[in-house]
Amino acid sequence: MVSEVLRFLGGRHRVLDMTVGAGGHAEALLRSGVGELIGIDRDPAAVEIASRRLARFGSSSALFVARFSEIPAVDPVDGVLYDLGVSSMQLDDPDRGFSFRMEGPLDMRMGREGRSARELINEASEEELAQVFWDFGQERRSRNVARAIVRARNRAPIETTAELASVVAGAVGRRRGGPHPARRTFQALRLAVNRELEELAASLPQASGLLTPGGRVLVISYHSLEDGIVKRYLKTEPSLDVLTKKPLRPSNEEATRNRRARSAKLRVAERMETGE
């Protein structure tokens with residue numbers, strides 16, 4: 001949703017990109033006339049790629065490796081951008097272990113630190129796994145999936161994405177023409193491993209607190225759990241005026257061109273003048 005991002009943030013003085021990734025939005029913002037772009041990402045590989053991409057803008061960009069809840073000390077900004085979820089760069093690399101469609105090690109760590117998906121799958125209790133799949137994946141058959149995983153790992157540790165996807169498919173069943181049966185389980189594991197929802201909830205007040213009067217915060221989310229946190233925060237934070245009463249969605253053209261954008265929702269709020 002680059003055009004929508006530029007509509008609300010293009011040409012501003014200083015923008016904080018909370019999910020710089022490979023630098024796509026950051027580059028577009030700098031080309032639009034943004035004077036200074038501060039980007040953070042918890043993935044060192046992403047920051048390295050973005051640094052090379054933005055090098056031609058010189059001192060107009062500054063990038064940091066950090067989690068959402070660890071925003072570096074920066075001057076006030078007049079724009080904040082979040083593009084939540086796993087990036088295409090991470091999803092398309094089988095060695096990162098995010099995709100149920102490609103064989104790879106069960107990792108899913110965005111920053112390569114902490115407990116991996118492999119450790120969670122092979123060490124957590126059946127009850128803990130079922131709760132993770134229910135809370136973070138909204139998987140109706142969470143108990144069946146957890147039970148099947150415990151049975152499988154009792155025979156041998158589950159090491160790869162393909163092994164896990166096969167176990168989940170056996171527990172959930174396949175519906176012809178429907179989404180992959182492991183989709184919700186993989187989403188749940190990714191959110192749990194990276195503590196994404198907790199990080200988002202902790203980060204929103206910090207980031208919006210950096211906004212100057214008239215500054216805007218934009219959040220692109222891809223599923224209801226993320227969007228619910230964003231919606232509640234923007235609605236209840238008294239210093240913010242919500243500009244999108246209903247979330248903006250990608251155009252038909254963009255949804256056709258980019259399948260991953262189909263579920264995107266963009267919410268925007270603006271920092272009110274002091275005393276309003």
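Residues numbered from 1 in each chain as written. Predicted model: local features only at pLDDT ≥ 70, side-chain atom pairs only at ≥ 80, totals over all residues. Heavy atoms only, no water.

Asker: In this structure, what is going on with the overall build of the protein chain? I would like to understand it.
Answerer: Of the regular secondary structure elements, the protein chain holds twelve helices and seven strands. The C-alpha atoms of the protein chain give a radius of gyration of 20 Å, which matches the 19 Å a tight globule of 276 residues would have. Once the C-alpha set of the protein chain is aligned to its principal axes, its extents read approximately 60 × 40 × 35 Å. Going through the 276 residues of the protein chain one by one, you find that 51% of them count as buried. Taking the contacts inside the protein chain whose residues are at least 6 apart along the sequence as the reference set, 68% of them involve residues at least 24 apart. As displayed, the protein chain offers around 13300 Å² of accessible surface, 47% of which is attributable to carbon and sulfur atoms. The positive charge centre, built from 43 side chains, and the negative charge centre, built from 38, are 8 Å apart in the protein chain. (Helix = DSSP H or I, 4+ residues; strand = E, 2+ residues; numbered from the N terminus. Rg over C-alpha atoms; globule rule 2.2 N^0.38 Å. Buried < 20%, exposed > 50% of the residue type's maximum accessible area, 1.4 Å probe, protein only. Contact = heavy atoms within 4.5 Å. Areas by Shrake-Rupley, 256 points an atom, 1.4 Å probe, with all protein chains shown as cover. Lys, Arg positive; Asp, Glu negative; His and termini not counted. Charge placed at Lys NZ, Arg CZ, Asp CG, Glu CD.)

Asker: Would you mind going over the nonpolar core with me for this structure?
Answerer: One recurring pattern in soluble globular proteins is that nonpolar side chains are buried together. Y82 and F133 are the most contacted members of the largest nonpolar core, which totals 59 residues. Residues contacting Y82, with those up to four places away along its chain left out, are M18, T19, F68, L200, S203, L204, A207, V217, L218, V219 and I220. In terms of nonpolar packing, the next biggest core, distinct from the first, is built from 20 residues, M1, F8, V34 and V268 among them. (Core = buried A, V, L, I, M, F, W, Y, C linked by side-chain atoms within 4.5 Å.)

Asker: Would you take a moment to explain the environment of E270 for this structure?
Answerer: Relative to the assigned elements, E270 resides in strand β7 (residues 265-271). Residue E270 is classed as partly exposed on the basis of its relative accessible area of 22%. Along the chain, E270 and G39 lie 231 residues apart, while their C-alpha atoms are 20 Å from each other. Residue contacts for E270: discarding those within four places in its chain leaves G214, G215, R216, S239, L240, D241 and L243.

Asker: Would you take a moment to explain the sheet that holds strand β5 (residues 211-221) for this structure?
Answerer: By definition, the strands of a sheet pair up through backbone hydrogen bonds, in either a parallel or an antiparallel sense. One open sheet holds the seven strands; their spatial order is β3-β2-β1-β4-β5-β7-β6, and the pairing between them is mixed. Two strands bound the open sheet, and with one partner strand each, they are β3 (61-65) and β6 (240-242). This sheet shows a mean twist of 20° between the axes of neighbouring strands, independent of strand direction. Strand contacts of helix α11 (residues 224-236): β5, β6 and β7, with the helix running at about 20° to β7, the strand carrying the most contacts. (Pairing = 2+ DSSP bridges. Axes fitted to C-alpha atoms, helices over the stretch in contact; angles between N-to-C directions.)

Asker: Please clarify how the packing of aromatic side chains should be interpreted in this entry.
Answerer: Aromatic ring pairs are reported here in terms of the distance separating the ring centres and the angle at which the planes meet. Counted under the stated rule, the structure contains two aromatic pairs. Summarising the aromatic geometry, the rings of F68 and Y82 are spaced 5.3 Å apart at their centres and angled 85° between planes, so their arrangement reads as edge-to-face. Taken together, the residues span a long stretch of sequence, with F68 in the loop between β3 and β4 (77-83) and Y82 in strand β4 at a distance of 14 residues. The class of F68 is buried, set by a relative accessible area of 16%. Taking the centre distance of 5.6 Å and the plane angle of 85° together, the rings of F100 and F186 count as edge-to-face. Taken together, the positions of F100 in the loop between α4 (88-91) and α5 (117-123) and F186 in helix α9 (residues 183-194) put the pair 86 residues apart, joining distant regions of the chain. (Phe/Tyr/Trp six-rings, centres within 6.5 Å; stacked < 30°, edge-to-face > 60°.)

Asker: Would you take a moment to explain the pattern of salt bridges for this structure?
Answerer: Once their charged atoms are close, side chains differing in charge can pair, the charge on each being opposite to the other. For the structure on display, the rule yields 17 salt bridges. A salt bridge links R118 to E159, with the nearest nitrogen and oxygen atoms 2.5 Å apart. Of this pair, R118 sits in helix α5 while E159 is found in the loop between α7 (142-155) and α8 (161-172), placing the two residues 41 residues apart along the sequence. A residue is classified by how much of its surface remains accessible, and E159, at 32% relative accessible area, is partly exposed. The partner of K265 in a salt bridge is D227, with the nearest N and O atoms 3.9 Å apart. Here the residue K265 occupies a position in strand β7, and D227 occupies one in helix α11, the gap between them amounting to 38 residues. Given a relative accessible area of 7%, D227 falls into the buried group. One connected set of salt bridges, linked through shared partners, spans R42, R67, E113 and E199. (Salt bridge = Lys/Arg side-chain N within 4 Å of Asp/Glu carboxyl O.)

Asker: Which parts of the structure should I look at to understand the layout of surface pockets?
Answerer: Here the idea is plain: a probe the size of a water molecule rolls over the atoms and shows the empty space left. One number sums up the size of the second largest pocket: a volume of about 380 Å³. In terms of lining, the second largest pocket is formed by 14 residues, of which the most central are R140, V172, R175, P179 and R184. Considered class by class, the residues forming the lining of the second largest pocket number three nonpolar, four polar and seven charged. (1 Å grid on protein atoms, 1.4 Å probe; cavity = no way out; pocket = protein on both sides within 12 Å on 5 of 7 lines; lining within 4 Å. Points joined across faces, edges and corners; volume = space filled by probe spheres on them. Nonpolar A, V, L, I, M, F, W, Y, C, P; charged D, E, K, R; others polar.)

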